[in-house]
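Given next are the chains, with one letter for each unit.
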Amino acid sequence: MKATEILGISPIVPVVVLEDPKDALPLAEALLEGGIAVMEITLRSDAALASIEAIAKELPEMNVGAGTVVNAEQMLKVRDLGGNFSFSPGISTGLLDCAKEEGIPFIPGVATASEVMLAMEYGIEGCKLFPATAVGGIELLKGFAGPFGSMKFCPTGGVSLANMNDFLALPNVLCVGGSWIVPKTSVAEGDFSNITSLCKTALEAID
Ligand SMILES: O=C(O)C(=O)C[C@H](O)[C@H](O)COP(=O)(O)O
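For every chain, the first residue of its written sequence is number 1, and the numbers climb from 1 along that sequence. The predicted nature of this model means local features are confined to residues of pLDDT at least 70 and side-chain atom pairs, given and counted, to a pLDDT of 80 or more, with totals for whole chains, interfaces and linings taken over all residues. Computation of side-chain values: all heavy atoms of the structure, hydrogens and water removed.

Looking at an unreviewed UniProt entry, one finds the protein named 2-dehydro-3-deoxy-phosphogluconate aldolase and attributed to Thiomicrorhabdus heinhorstiae. UniProt positions are given in the numbering used here, feature names are shortened, and annotations may be inferred rather than shown by experiment. Reading the Catalytic activity (unreviewed entry) entry of the UniProt record for the protein gives the comment "2-dehydro-3-deoxy-6-phospho-D-gluconate = D-glyceraldehyde 3-phosphate + pyruvate". The UniProt entry for the protein carries this comment under Sequence similarities (unreviewed entry): "Belongs to the KHG/KDPG aldolase family."

Shown next as structure tokens:
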């Protein structure tokens, strides 16, 4: 699947931190029940890789990938475990070369015009804007739309129910990423039905 197709699966990409792989399947099921069939599990915890593996194996209807991928070794590991894509908070030639050589769907994080141009040199059509609100948010995306008319974005970092529609209204935004849809406390308490409700609330609130 191309990176832009991944960004087209759902208007909201949940950014997930899991502390225990046993939470992976119930969480993926809760998101699917809430209408969201894509999830980014960040490699910030020891549980991440096992969680990606479990979901890829047991729930093929969920498009699961990794976030916080910062080197090629991680990108290959994610692919080997069945992960469908890699998101990174940033962009590097090490990651770009690996994704290109191995045909791995890769959504790099960008925050400047030069980083967008580096992505374009590698044929990338969809980037994460990170950290979206801190680097200029809506105004920056409007600015990028001029010189980089064909580049699509997934703003992430500071996006929430309150501002998601401002981002989704922009023609160069395919989806938004956010952790608000999967509160750590709900996962810790096993309150997966709350996560399903948060998905439904967010999807219904899209203009
Ligand atoms: O880990 C990555 O790959 C990242 O790019 C970082 C996350 O996407 C943001 O930390 C989510 O931001 P919030 O929704 O504001 O919590």
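So, next bit.
Draft legend 1. Expanded view of the site of the ligand. Residues are classed as near a molecule or strand on a simple rule: at least one heavy atom within 4 Å of it. Surrounding the ligand, one finds 14 residues, the nearest of these being Arg44, Thr68, Lys128, Gly158 and Ser179. One of the side-chain nitrogen or oxygen atoms of Arg44 is found 3.0 Å away from an oxygen atom of the ligand. Here a polar contact means two N or O atoms within 3.5 Å. Within protein one must be a hydrogen donor candidate and the other an acceptor candidate, and residues neighboring in sequence count only if both atoms are side-chain atoms. Side-chain polar atom of Thr68 to an oxygen atom of the ligand: 2.4 Å apart, as the coordinates give it. Accessibility throughout is a Shrake-Rupley quantity obtained with a 1.4 Å probe, and a residue counts as covered only by protein chains that appear here. For the ligand, whose free accessible area comes to 410 Å², the fraction covered by protein is 82%. Lys, Arg, Asp and Glu make up the charged group, whereas Ala, Val, Leu, Ile, Met, Phe, Trp, Tyr, Cys and Pro make up the nonpolar group; the residues left over, Gly among them, are polar. Across the shell around the ligand, the residue classes break down as three nonpolar, eight polar and three charged.

Draft legend 2. Broad picture of the pairing of strand 3 (residues 63–67). Buried, partly exposed and exposed residues are distinguished by accessible area as a fraction of the type maximum, computed with a 1.4 Å probe on protein chains only: under 20%, between the cut-offs, and over 50%, respectively. Helix numbering and strand numbering both begin at the N terminus, where a helix is a DSSP run of H or I of at least 4 residues and a strand a DSSP run of E of at least 2. Extensive coverage of strand 3 is indicated by the burial of five of its five residues. Strands are labelled as partners when DSSP assigns at least two bridges between them. Bridge count for strand 2 (residues 38–42) against strand 3 is five bridges, and the pairing is parallel. Looking across to strand 3, one finds that Glu40 is bridged to Gly65. Handedness of a crossover is defined as follows: orient the strands so they point away from the viewer, and if the path from the first strand over the helix to the second runs clockwise, the crossover is right-handed. Since strand 2 and strand 3 lie parallel, the crossover through helix 3 (residues 48–58) that links them has a hand, and here it is right-handed.

Draft legend 3. Region of interest: the sheet that holds strand 6 (residues 109–110). Pairing is parallel across the open sheet formed by three strands, whose spatial order is 6-7-8. Pairing within the sheet leaves two strands with one partner each, and these edge strands are strand 6 and strand 8 (152–155). As paired strands, strand 6 and strand 7 (residues 126–129) are joined by two bridges and run parallel to one another. When the sheet's bridge partners are listed, Gly109 is paired in strand 7 with Lys128.

Draft legend 4. Looking closely at helix 5 (residues 93–102). Of the positions making up helix 5, those classed as buried are Leu95, Leu96, Cys98 and Ala99. Seen along its axis, helix 5 keeps its buried residues to an arc of 165 degrees; they face one direction. In helix 5, the exposed positions that point more than 90 degrees away from the buried face belong to Lys100 and Glu101. Residue contacts follow a heavy-atom distance rule, with two residues in contact if any of their heavy atoms lie within 4.5 Å. At its buried positions, helix 5 is contacted by helix 4 (72–80), strand 5 (106–107) and helix 6 (113–121). Two residues or fewer after helix 5 comes Gly103, characterised by a positive phi angle close to 65 degrees. The arc refers to the directions leading from the helix axis to the C-beta atoms.

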